[in-house]
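Residue-level structure breakdown
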Amino acid sequence: MLSQSDTERIATTISEAIIQRNLSDKSVAQALAPIIDDAIDNAIRHRPQRITRVIYPIIGPSIRKSVARALADMVQNLNQILESSLSIRSWGWRYQAWRAGMKYGEYVLLKTLDFRVEQVLLIHRETGILLHAENAAGFQVEDPELVSSMLTAVSDFISDSFSRHPDSSLDNIRVGDFILEIETGPSAILVAAIRGTPSKQVSQTLKTTLERLHLVFSREFDRFDGDRTIFASAADLMRPCLLIKHKEHTRPGIPWRALTMLAFFIGYGFWAGYLKVQNEIMYLHILDALQTSPGYVVVGESRNMPRLNIEVLRAPTSEPSREILNRLDTGNWDVAVTEHIAPLDMQEYLLPMIPSMFHLGRDTNFTRDGQALVVTGSLKETQRNNLEQNPLLKSVYSHIDFSSVEVYADQTPEEQQKNEWRQLKATIENIRFQFQPNTAELVSGEEQKIPALVANIESIRSLAEKIPVYHWQLYIVGHANSAGTDTANLRISEERAKLINELLITNHLDAELLLAWGAGNLPNSRLPEHQQRMVSLQLIHSPFIPGTEYP
Amino acid sequence: MIAKKICLLGSFAVGKTSLIRRYVESIFSEKYHTTIGVKIDKKIVHCQGQDVQLMIWDIEGKDEFSVYRQSYLRGAAGYFLVVDGTRPESVEVAKEWHTLVNEQSLSLPFVLLVNKSDLFYEQRLKEENLAELTTMGWEIILTSAKTGDNVDKAFERLTTRLLEKS
Ligand SMILES: Nc1nc2c(ncn2[C@@H]2O[C@H](COP(=O)(O)OP(=O)(O)O)[C@@H](O)[C@H]2O)c(=O)[nH]1
Ligand SMILES: [Mg+2]
């Protein structure tokens, strides 16, 4: 059993101890590894939602978009209803909504509701097809059918990814202040779209409803062939899920009192804001004074107005902090400096701490040569830059000697090749050939773009073999501006594409890799008319990892 | 109304996304729209005297989303295999997909689309590339997402096959 003082003593030294031990061998990491593994395992098992939070950004946007659109519509409707009411309270809310940067309707919903289930969707699990939707009055999700399919795609993805834990299904997705609560059963999924903060009651009700639905419709779920008529009768079972809970209403106070209070708060707000800025400036000023004093390094600081604690490491010969502070206007701050007098030889003292300071492994070693710091072994380019630019190292050592360290690029050669590919692709696709009106004749000077293009394509070709990209094509797409008939535009755009195609072939490019076609006039083009007379390029290619497009 | 899930399978850039856009929104853009993960569209087809709601699943062949592929086909009533008429190797990919679907013991109706038929003068697919497939009983339709040629027909054909099956 450890005594209180023991615990305290260990607490103060534990991080240093770990760092020190880690410098000599890797036993700390080995000891911790299984514990961390367990912790991660645990997190996945008990908090699958966390994982979804990580994955969701990849697939979430399309869902978010439809939900957000539906939401915007709803708020719009509400706005119209509320716009006409002009009570004192409504003006107060209007002001609050404006301050919070929200729409008025949104704000009112938030103020008056704890939560409200706007819609419940019953989804066939296997196909992702929406079987039935029940709406709260006045609410309509833009496209519940698409939302349903996308939700199954998401939840399938989650359960496929973590199939070892069968109960790690998706529980809910948060979209702004809108929550989709998801209850997954063996054959069907029930989803509630909720405004506000739902209580446990919602998921409870969803659970029991879903169980009942399975009881009633189990045969229909299994034999579902796309015919949804029967599920209209699920409405009665689903309706109880449209739960709603109101906040308690408070009467507005006497307006005059409220207004006086408001005036007072606004005045106070300005004054408080002014003080805050003043204090902030002063704080930076104090910190700066210490930091720039010769022999000083600020290693920590914390503040809680009016208290400002600063921890410094300083050379024994440097000026005591007391004297620096005496010369300084510290404003409203009550400054306390904790000083650590550094050992005489800062250069020696710092040496063993550098690797952990810069998160460097055992591949990088540091020694001293007189006043200079010598780096040996190997390190990445960014790490080198970090060392080079660090103010502490700069102030302690005369210079840093990188002459005997092997500096390697941050990227592997494979990554470099892929980046090179992406750059080349972008360069090629940015090339446009402009044409004269109504003809397949280049604007003069445009043909000079050909040699560089040919060179780029040759580079792409040799890169394709190295990466490897096992198949690629260059699309040469002709365009026409909006003048003229569709057929004429199509023809001229095709001729333009073919001209460039010919030019490339005469420059010894392999015709097999080129594909020229006309797109006519693109109705939504954002380019000015004269620029629409052009040929653009597109590189179509297989994924970088061979065979990945195969199932 | 009856609802069915269908999928489009095929190599990169054969025109899956373009075909769906042409069918659902009647537009074609010359851009290569990289599909991120799964994209789902819907459209109502009138077929054999009834309306059918198609839920159309589009997938990107990117490696990062390989986990998707298992669930992608789940619950599908039928699918398109899409190949690019200018790329013989895309036929091989379509065959691989077909094998995969059958391995999952899903004997689903499908139609093979040879897309980009507007590039007839560039068409590099040889007769023999397709002859083998015809003898295997595959139904083949030449389409163009660019001109819209046969696109509606393709979706109607597949829907008819779905209805015959059920
Ligand atoms: N000429 C022509 N180009 C097409 C056709 N269908 C698609 N494309 C082009 O082929 C490229 C890839 O199409 P996309 O639909 O993104 O392919 P996906 O990867 O299978 O979804 C794009 O540049 C399209 O504009 C077509 O029928 N004719
Ligand atoms: Mg696509």
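Residues numbered from 1 in each chain as written. Chains lettered and ligands numbered in written order. Predicted model: local features only at pLDDT ≥ 70, side-chain atom pairs only at ≥ 80, totals over all residues. Heavy atoms only, no water.

Regarding the overall build of chain B
- Scanning chain B from terminus to terminus reveals five helices and six strands.
- Along chain B, helices and strands appear, N-terminal first, in the series β-α-β-β-α-β-α-β-α-β-α.
- Looking at chain B residue by residue over its 166 residues, the buried ones come to 58%.
- Surface accessibility of chain B: about 6,500 Å² in total, with carbon and sulfur atoms responsible for 50%. (Helix = DSSP H or I, 4+ residues; strand = E, 2+ residues; numbered from the N terminus. Buried < 20%, exposed > 50% of the residue type's maximum accessible area, 1.4 Å probe, protein only. Areas by Shrake-Rupley, 256 points an atom, 1.4 Å probe, with all protein chains shown as cover.)

Some words on the site of ligand 1
- Among the 24 residues in the neighbourhood of ligand 1, the closest are listed as Gln 538 of chain A together with Thr 17, Ser 18, Asp 118 and Ala 145 of chain B.
- More than one chain reaches ligand 1: its neighbouring residues belong to chains A and B.
- Residue Val 14 of chain B places a main-chain N or O atom 3.2 Å away from an oxygen atom belonging to ligand 1.
- Side-chain polar atom of Thr 17 of chain B to an oxygen atom of ligand 1: 2.7 Å apart, as the coordinates give it.
- Expressed as a share of its isolated accessible area of 580 Å², the protein-covered part of ligand 1 is 99%. (Near = heavy atom within 4 Å. Polar contact = N/O pair within 3.5 Å; in protein donor to acceptor, adjacent residues only side chain to side chain.)

What to know about the packing of aromatic side chains
- This structure, assessed with the given rule, holds 10 aromatic pairs over all chains.
- Each ring, one from Tyr 283 of chain A and one from Trp 333 of chain A, has its centre 6.1 Å from the other, and the planes form 50°; the classification is tilted. Of the two residues, Tyr 283 of chain A sits in helix H9 (residues 255-291) while Trp 333 of chain A sits in the loop between helix H10 (321-326) and strand E9 (334-341), which places them 50 residues apart along the sequence.
- Relative to Trp 517 of chain A, the ring of Tyr 475 of chain A has its centre 5.9 Å away and its plane inclined at 80°; by these criteria the two rings are edge-to-face. Of this pair, Tyr 475 of chain A sits in strand E15 (residues 472-478) while Trp 517 of chain A sits in strand E16 (residues 514-518), placing them 42 residues apart in sequence. Both residues of the pair, Tyr 475 of chain A and Trp 517 of chain A, count as buried.
- Three or more aromatic residues joined by ring pairs make a cluster, and in this case those are Phe 217, Phe 221, Phe 224 and Phe 231 of chain A.
- Here Lys 43 of chain B stacks its cationic end above the ring of Tyr 23 of chain B, 4.5 Å away from the centre of that ring. (Phe/Tyr/Trp six-rings, centres within 6.5 Å; stacked < 30°, edge-to-face > 60°. Lys NZ or Arg CZ within 6 Å of the ring centre and 35° of its normal.)

Observations concerning the nonpolar core
- Judged by nonpolar contacts, the single largest core of 51 residues is most densely connected at Leu 122 and Leu 190 of chain A together with Cys 7, Leu 9, Tyr 79, Leu 81 and Leu 112 of chain B.
- If one sorts the elements of this core by residue count, helix H7 (residues 200-222) of chain A sits on top with six residues.
- Look past the residues within four positions of Leu 112 of chain B in its chain and what remains in contact with it is Leu 81, Val 83, Ala 94, Leu 130, Leu 133, Trp 138, Glu 139, Ile 140 and Ile 141 of chain B.
- Membership of the second largest hydrophobic core comes to 30 residues, among which are Phe 433, Leu 463, Leu 513 and Leu 514 of chain A. (Core = buried A, V, L, I, M, F, W, Y, C linked by side-chain atoms within 4.5 Å. Contact = heavy atoms within 4.5 Å.)

Here's the deal with the sheet that holds strand E14 (residues 432-434) of chain A
All names here are of chain A.
- Here we have four strands laid out as an open sheet, ordered E14-E17-E15-E16, and mixed in their pairing. In this open sheet, the two edge strands, each paired with only one partner strand, are E14 and E16. Taking the axes of each pair of neighbouring strands and ignoring which way they run, one obtains an average angle of 20° across the sheet.
- Along the sheet, helix H16 (residues 450-466) makes contact with E14, E15 and strand E17 (534-541), crossing E15 at roughly 155°.
- Contacts from helix H17 (residues 486-506) reach E14, E15, E16 and E17 within the one sheet, and its direction differs from that of E16 by about 160°. (Pairing = 2+ DSSP bridges. Axes fitted to C-alpha atoms, helices over the stretch in contact; angles between N-to-C directions.)

Remarks on helix H3 (residues 89-103) of chain B
- In this model, H3 of chain B (15 residues) spans 22 Å end to end at C-alpha, consistent with the 21 Å of a helix rising 1.5 Å per residue.
- Within the sequence span of H3 of chain B, burial applies to Glu 89, Ser 90, Val 91, Val 93, Ala 94, Trp 97, His 98 and Val 101 of chain B. (Expected span 1.5 Å × (residues − 1).)

A closer look at the pattern of salt bridges
- Under the counting rule described, the total for this entry stands at 20 salt bridges over all chains.
- Across the pair Glu 388 of chain A and Arg 384 of chain A runs a salt bridge whose closest N-O atoms are separated by 3.2 Å. Taken together, the positions of Glu 388 of chain A and Arg 384 of chain A, both in helix H13 (residues 381-389) and four residues apart, correspond to about one turn of that helix.
- Of the residues examined, Arg 384 of chain A reaches a relative accessible area of 23% and is grouped as partly exposed.
- In the salt-bridge network here, residues are joined through shared partners; they are Asp 84, Arg 87, Glu 89 and Lys 116 of chain B. (Salt bridge = Lys/Arg side-chain N within 4 Å of Asp/Glu carboxyl O.)

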